[in-house]
Amino acid sequence: MLVSMKWLKELVDVDLAVPDFVERLDMTGTAVEAVRTRGEELEGVVIGSVLMKEPHPDADKLVYCRVDIGTGDPLRIVCGATNFEVGDKVPVACVGATLPNGLTIKKAKLRGFTSEGMMCSAPELGLGGDATRLLVLPPDAPVGVRFSEYQGTTDTILELEVTPNRPDCLSMAGVAREVAAVTGKTARRPSSAPAESGTPVTESVSVEIADPDLCPRYTGRLIRGVKIGPSPPWLAERVTSAGARSVNNIVDITNLVMFELGQPLHAFDASTLATREGVGAVTVRRARDGEVLTTLDGQRRTLDSEMLVIADDSGAIALAGVMGGESTEVTSETRDILLESACFNPSSVSRTSRSLALISEASMRFERGGDPQGCVDALDRAAALMAEIARGQVAPGIVDAYPVPASDRLLELRVERMNSILGTDIPIEESAAILSALGMEVTPSDSKTLSVSVPTFRSDLEREIDLVEEVVRAWGMERVSSTLPGGRGRIGRLTPRQRWIRRIDATMRAVGLNETMTYAFIDPTDLERTRMSLGEEERFVEIVNPMSEEQAVMRWSLLPGLLRSVSYNQRRGVFDVHLYEIGTVFSTSSGRKLPREHTAVGGVLTGAWSSQVWSGDSHPLDFFDGKGVVEALAEDLGSTGLSLRVSELDWLQPGRSAEVLLDRKAAGWLGEVHPKVAAALGAEPPIVAFELDVDALLDAAHDTRTYTEIPRFPAVTFDVALVVDESVTAERVEQAIRKSGGALLDSVRLFDVYRGKGVPEGSKSLAWALSYRAPDRTLTDDEVRPVHEKLVRKVCAAVNAHLRGE
Amino acid sequence: MSIIDELQSLKAEALASIADAETLSQLDSVRVTFLGKKGSLTRVLRGVGFLPAEERPVVGKISNEVRAVLEAAIQERQAALAEADLAARVSADAIDVTLPGRKRLPGRKHLINQIAEEVVDIFLGLGYMVAEGPEVELDHYNFTALNHPPTHPARSATDTFYVRDLSQGLDEDQGPVTEVLLRTHTSPVQVRVMERQKPPVYVIVPGRVYRRDIADPSHLPQFQQIEGLAVDEGITFGDLKGTLDYVCKELFGRDRMTRFRPHFFPFTEPSAEVDVSCGICAGSGCRFCKKTGWLEILGCGIVDPNVFGYVDVDPEVHTGFAFGMGVERIAALRYDIPDLRMLVEGDMRFLRQF
Ligand SMILES: [Zn+2]
């Protein structure tokens with residue numbers, strides 16, 4: 001909503017300076033989005049006097065002029081218009097000026113003549129009138145003075161953000177009322193009663209509402225014998241200050257009244273209405289499915305039965321509250337005007353304007369809620385102006401279809417209750433004064449309660465709490481003192497699950513991974529790219545209206561997003577990437593309304609922990625670095641049940657992939673990303689990745705740890721290198737060792753894996769350090785040796801191993 | 001030469017050798033040569049047996065003195081050599097301490113989650129619990145139960161992501177608006193919490209939300225919000241002001257001010273937008289705050305009685321306040337992040353800065 005300060009000051013006294021005034025509006029709920037100075041756009045347009053006017057030698061339609069603009073150096077201007085004489089005063093746009101239509105004036109050569117400026121028509125200055133004629137000013141217009149200054153168009157314009165609950169502030173009168181209430185002034189409401197003459201309106205026009213649910217009120221007046229023409233300057237300026245274009249006197253008057261009172265009006269050419277026994281019969285009804293209407297913008301629109309139209313016996317003539325029809329448009333030939341002032345159902349207008357992508361000043365006001373009680377005021381005001389400006393004769397009376405007259409709403413405000421909600425001590429008298437200033441009728445029903453009658457233009461005030469808000473915003477939120485809630489015995493604490501997730505988060509960082517966030521919506525074709533698959537019954541969680549096909553489904557895994565981040569880094573020369581994300585993954589199946597949401601923790605590692613270290617101890621990250629992360633996580637969660645199941649997962653490289661089990665239950669996967677998958681996502685292998693289900697981790701987590709005695713006696717350690725077939729896993733050998741260990745075996749540690757000289761092809765040597773310990777004495781080599789040798793024999797038999805070097 | 005002379009010359013010779021010993025091993029061989037079982041001193045003393053008995057004590061005494069002197073000299077020399085040896089080793093071990101350390105840096109938490117956790121921790125301190133809710137939501141929780149009229153513009157398919165409803169026929173064209181959507185704010189959790197918990201309710205709700213905005217320097221189609229809700233007997237608008245003023249001071253600094261501007265939200269009334277004073281110009285107005293001296297930081301209000309109606313809380317008995325803040329907004333204000341898209345790119349060089 002654009003508010004001209006000049007206009008506003010006619011409706012209410014404003015004695016605050018602009019910045020203070022803006023702050024007062026801001027602090028009482030009318031946000032000021034911008035403050036502009038009007039007339040700035042006419043910077044560089046000055047009044048000139050034509051000194052010379054000669055036909056252009058090479059072009060019939062051009063004239064060559066010299067124009068004095070008070071600088072002592074008359075401008076050379078080539079011009080296409082001819083409606084002026086030497087000595088006339090005209091507006092001149094100098095080089096560098098930018099006109100409201102966006103045109104910037106440059107020095108130009110026109111048919112061999114230099115042109116150093118442009119003489120302007122009224123529309124070129126944002127005013128109404130004939131675009132083919134120069135705007136010739138009165139002879140006393142002062143040469144060299146800025147045009148906007150001369151016109152008095154210099155004005156401050158406030159751009160207000162009107163919240164959807166305040167349609168009443170979409171008018172100058174409404175803003176003036178609001179300003180009066182929050183600055184302690186009194187608003188002056190513009191109104192006029194037209195002088196009536198001729199035969200009564202009812203002899204020429206009838207109105208009927210067929211669908212009162214969509215149209216609470218429809219009123220009309222007939223104005224006969226109007227002269228269509230350009231608007232007087234004051235009118236053109238008013239409508240342009242509100243952001244409209246000046247068209248002609250009739251259109252400008254309907255716009256003026258809409259801006260002034262907030263009531264959209266529509267003017268029909270009354271002679272175009274189909275008549276019934278000499279009377280133009282207007283019906284407000286739902287459109288018929290497939291009914292066609294050509295709107296004012298020349299578009300043929302196909303309507304449906306959810307839309308409301310104004311119709312005569314020939315069919316639809318206007319889209320109610322949205323746009324008029326071409327067949328009844330006011331033209332320069334129009335003599336008689338049927339002026340409509342009505343109230344339409346907000347949702348109906350909203351639906352219609354959205355489905356036809358037609359948003360107008362009128363539809364914008366109706367969809368926020370009109371005021372049926374305001375229709376006639378606006379009708380009278382516009383009719384009076386049409387009589388005055390367009391010299392029309394206003395037919396006596398109005399036509400008024402108003403099936404169920406609206407009445408003021410009665411509310412009670414319990415002032416004590418209000419103060420207990422606000423934490424304030426606002427006296428009843430002050431509350432009453434605020435509500436009265438906002439246009440309500442307030443009477444105390446007892447010493448603690450106000451009885452409030454809410455006028456129809458404040459349809460947003462429906463309940464006591466709405467009145468509480470009105471009082472506090474005008475009284476001043478800044479005056480409410482700050483306190484903290486009391487409340488008894490409440491304790492802020494994370495739930496166990498939330499605490500565990502923080503633990504997981506901390507462990508990821510402790511092992512060196514950096515947290516990232518990726519998009520939750522991803523490309524459905526990433527499913528093929530990653531060679532992953534959905535479960536048998538599962539389907540994509542599909543977005544109906546995605547921003548793009550690349551973000552059309554919710555992620556089923558963190559992997560695609562994380563791999564894209566790897567690619568992003570690598571393409572920018574960052575090759576050491578260690579990322580993790582804890583986030584929601586989604587899955588669904590047929591018949592489900594809401595999908596399943598799981599929290600997952602996923603990670604990717606590539607490059608080295610730290611490349612280019614001078615000490616040379618960096619290694620390329622591989623499967624075991626990923627496994628180390630998972631092991632660290634299990635350890636920190638107090639879980640001893642971590643195991644890997646060798647498994648072929650299509651998105652991972654065969655032989656370097658595994659399922660992660662916790663207490664023998666599936667918890668996720670771990671491995672090196674398949675080179676084809678990496679390539680499909682633009683990333684460079686090797687990349688280690690894992691993804692674990694957080695709830696599976698939490699199921700295996702143990703909060704309680706028990707004390708185990710620290711050994712008091714030293715251990716005896718024997719090393720043994722066992723040569724086994726490649727197919728025998730380290731885990732199997734370790735299990736065999738532990739099984740054969742007996743009571744003295746304390747710890748088993750793999751310290752080397754060797755293939756090559758001395759070890760047959762197809763075999764490998766696993767070197768183990770076995771520690772033996774007794775809790776109550778120091779063991780001797782001699783005591784341990786037979787135990788160890790027996791263990792080795794058993795293990796060799798169990799996994800078909802032999803000692804290396806034998 | 002008498003034995004005594006022999007001892008004296010042996011002593012002189014040994015002292016010279018001790019002084020000459022350059023290393024600990026040389027010194028040891030000197031010790032063996034003179035004091036060992038087969039050493040010179042032993043050899044000289046073998047002659048004692050041939051001496052008359054009355055001379056023996058004198059020789060014995062002198063030989064003990066010689067032994068003591070030599071042992072002391074060896075010990076002294078040994079200490080000196082050990083000292084020199086250590087000094088040499090230390091000097092050889094000198095390194096360039098300016099070479100980089102060997103480190104495995106701990107990872108960093110994402111900036112947005114750092115801030116979210118900070119806010120959550122402030123509220124834990126104020127006695128709030130942390131609540132969560134689904135990211136894919138029903139229209140009922142996201143809009144209807146939050147008092148959004150059916151025609152509210154936020155419900156349009158241009159503003160909100162809708163999700164295919166698989167409880168409906170699969171082949172059916174569901175149109176652009178279904179009953180299932182990506183939540184546009186964390187506020188639906190208010191309703192979910194009040195459905196399962198009677199007042200008093202004090203919860204803070206961090207979470208990811210979605211809006212149909214094209215990703216650009218100042219917008220992301222997904223971002224993080226933090227919702228707060230307090231419902232109890234006697235909650236006031238003043239409590240809301242006090243709580244948020246405290247939180248803003250914790251987040252931005254004790255010297256920052258807040259102001260509450262009346263605003264409109266469907267699910268609170270009275271509603272306000274909260275500004276925090278600009279940290280760059282301290283409120284006098286600069287380019288960062290668009291010359292206003294204030295930065296808009298969150299929206300809040302008193303819970304609308306209509307919302308209580310959906311969850312069966314009596315507004316005559318209980319009142320409440322609610323607020324919601326965008327974490328990206330706080331991050332952008334605190335760190336002057338030039339482009340919000342950096343938050344979702346996963347660039348290691350960005351992530352490691354915070
Ligand atoms: Zn500033």
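Note that the structure is predicted; figures quoted are calculated from it, not measured.

Engineer: So, the overall build of chain A: which residues are in play, and what are the values?
Structural biologist: Check the secondary structure of chain A and you find 20 helices and 40 strands. Relative to its length of 806 residues, chain A is extended, with a C-alpha radius of gyration of 42 Å against a globular reference of 28 Å. Taken over 806 residues, chain A has a buried fraction of 52%. Here the contacts in chain A between residues at least 6 apart in sequence split such that 68% fall between residues at least 24 apart. Mean positive and mean negative side-chain charge positions of chain A (88 and 117 charges, respectively) differ by 4 Å.

Engineer: Which residues make up the overall build of chain B, and what values go with them?
Structural biologist: A tally of regular secondary structure across chain B gives eleven helices and nine strands. Here chain B has a C-alpha radius of gyration of 43 Å; the compact-globule value for 354 residues is 20 Å, and the former is much larger. Dimensions along the principal axes, computed over C-alpha positions, put chain B at roughly 130 × 50 × 45 Å. Here the analysis covers contacts within chain B between residues at least 6 apart in sequence; of these, 65% occur between residues at least 24 apart. Of the roughly 16300 Å² of accessible surface on chain B, a fraction of 53% belongs to carbon and sulfur atoms. Side-chain charges of chain B comprise 39 positive and 51 negative groups, with the mean position of each set lying 8 Å from the other.

Engineer: Provide a residue-level description of helix α4 (residues 172-183) of chain A, including the pertinent values.
Structural biologist: Residues and elements named next belong to chain A. With twelve residues, α4 extends 16 Å between its outermost C-alpha atoms, agreeing within 8% with the 16 Å of an ideal straight helix rising 1.5 Å per residue. All buried positions along α4 are accounted for by Met172, Ala173, Gly174, Val175, Ala176, Arg177, Glu178, Val179, Ala180, Ala181 and Val182. Looking one or two residues past α4, glycine 184 carries a phi angle of roughly 75°, positive in sign.

Engineer: I'd love a proper account of the sheet that holds strand β37 (residues 716-725) of chain A, names of residues and values included.
Structural biologist: All names here are of chain A. Judged by pairing direction, the sheet is antiparallel, and its four strands sit side by side in the order β38-β39-β37-β40 without closing on themselves. Only two strands of the sheet have a single partner each, and these edge strands are β38 (745-754) and β40 (802-803). By the bridge criterion, ten bridges tie β37 to strand β39 (residues 763-772) in an arrangement that is antiparallel. The partner of alanine 721 across the bridge, within β39, is alanine 767. Across the sheet, helix α19 (residues 730-740) lies against β37, β38 and β39, angled at about 35° from β39, the strand it touches most. Helix α20 (residues 781-799) rests against β37, β38, β39 and β40 of the sheet, and its axis sits at about 15° to β37.

Engineer: Please provide a residue-by-residue account of the pattern of salt bridges, values included.
Structural biologist: A full pass over the atoms with the stated rule returns 72 salt bridges over all chains. Notably, a salt bridge pairs B:Lys249 with B:Asp245, separated by 3.3 Å at the nearest N-O pair. Taken together, the residues B:Lys249 and B:Asp245, both in helix α8 (residues 237-252) and four residues apart, mark about one turn of the helix. For B:Asp245, a relative accessible area of 18% translates into the label buried. Connected via shared salt-bridge partners are A:Arg166, A:Asp168, A:Arg177, A:Glu178, A:Arg458, A:Asp460, A:Glu470 and A:Arg473.

Engineer: Quick one: what's the story with the coordination of the zinc ion, residue by residue and with numbers?
Structural biologist: All names here are of chain B. The protein atoms that coordinate the zinc ion are Cys278 (SG), Cys281 (SG), Cys286 (SG) and Cys289 (SG), at distances of 2.2 to 2.3 Å. Every donor counted, the four donor atoms about the zinc ion form angles of 104 to 114° at the centre, which fits tetrahedral coordination. In terms of primary sequence, the donors binding the zinc ion are separated according to C-x2-C-x4-C-x2-C. There is no split in this pair, since cysteine 286 and cysteine 289 are both buried.

Engineer: Requested: an account of the interface of chain B and chain A, with residues and values cited.
Structural biologist: Taken together, the contact between chain B and chain A spans 94 residues of the former and 92 residues of the latter. Between chain B and chain A, a total of about 7900 Å² is buried, with carbon and sulfur atoms accounting for 56% of that surface. Our enumeration of links across chain B and chain A arrives at ten salt bridges. One salt bridge connects B:Glu117 with A:Arg502, and the closest N-O pair in it is separated by 3.9 Å. The interface formed by chain B and chain A holds 48 residue pairs in polar contact (both at pLDDT 80 or more) in total. For the side of chain B that touches chain A, a count of residues per class yields 45 nonpolar, 21 polar and 28 charged.

Engineer: Let's hear about the packing of helix α1 (residues 3-20) of chain B against helix α4 (residues 56-92) of chain B: which residues, and what values?
Structural biologist: All names here are of chain B. As a packed pair, α1 and α4 sit with axes 10 Å apart at the nearest point and diverge in direction by 0°. Viewed along their axes, α1 and α4 adopt a mutual orientation that is roughly parallel. The residues of α4 that touch α1, namely those facing Ile3, Ile4, Leu7, Gln8, Leu10, Lys11, Ala14, Leu15, Ile18 and Ala19, are Val58, Val59, Ile62, Ser63, Val66, Val69, Leu70, Ala73, Ile74 and Arg77. Of the residues belonging to the contact of α1 with α4, the class tally is 16 nonpolar, two polar and two charged.

Definitions and cut-offs
- Residues numbered from 1 in each chain as written.
- Chains lettered and ligands numbered in written order.
- Predicted model: local features only at pLDDT ≥ 70, side-chain atom pairs only at ≥ 80, totals over all residues.
- Heavy atoms only, no water.
- Helix = DSSP H or I, 4+ residues; strand = E, 2+ residues; numbered from the N terminus.
- Rg over C-alpha atoms; globule rule 2.2 N^0.38 Å.
- Buried < 20%, exposed > 50% of the residue type's maximum accessible area, 1.4 Å probe, protein only.
- Contact = heavy atoms within 4.5 Å.
- Lys, Arg positive; Asp, Glu negative; His and termini not counted.
- Charge placed at Lys NZ, Arg CZ, Asp CG, Glu CD.
- Areas by Shrake-Rupley, 256 points an atom, 1.4 Å probe, with all protein chains shown as cover.
- Expected span 1.5 Å × (residues − 1).
- Pairing = 2+ DSSP bridges.
- Axes fitted to C-alpha atoms, helices over the stretch in contact; angles between N-to-C directions.
- Salt bridge = Lys/Arg side-chain N within 4 Å of Asp/Glu carboxyl O.
- Donors = N, O, S within 2.8 Å, 3.2 Å for Na, K, Ca; no water.
- Tetrahedral: all angles 85-135°; square planar, octahedral: opposite > 155°, others 65-115°.
- Buried area = accessible area lost by both parts, 1.4 Å probe.
- Polar contact = N/O pair within 3.5 Å; in protein donor to acceptor, adjacent residues only side chain to side chain.
- Nonpolar A, V, L, I, M, F, W, Y, C, P; charged D, E, K, R; others polar.
- Parallel < 35°, antiparallel > 145°, perpendicular 65-115°, else oblique.

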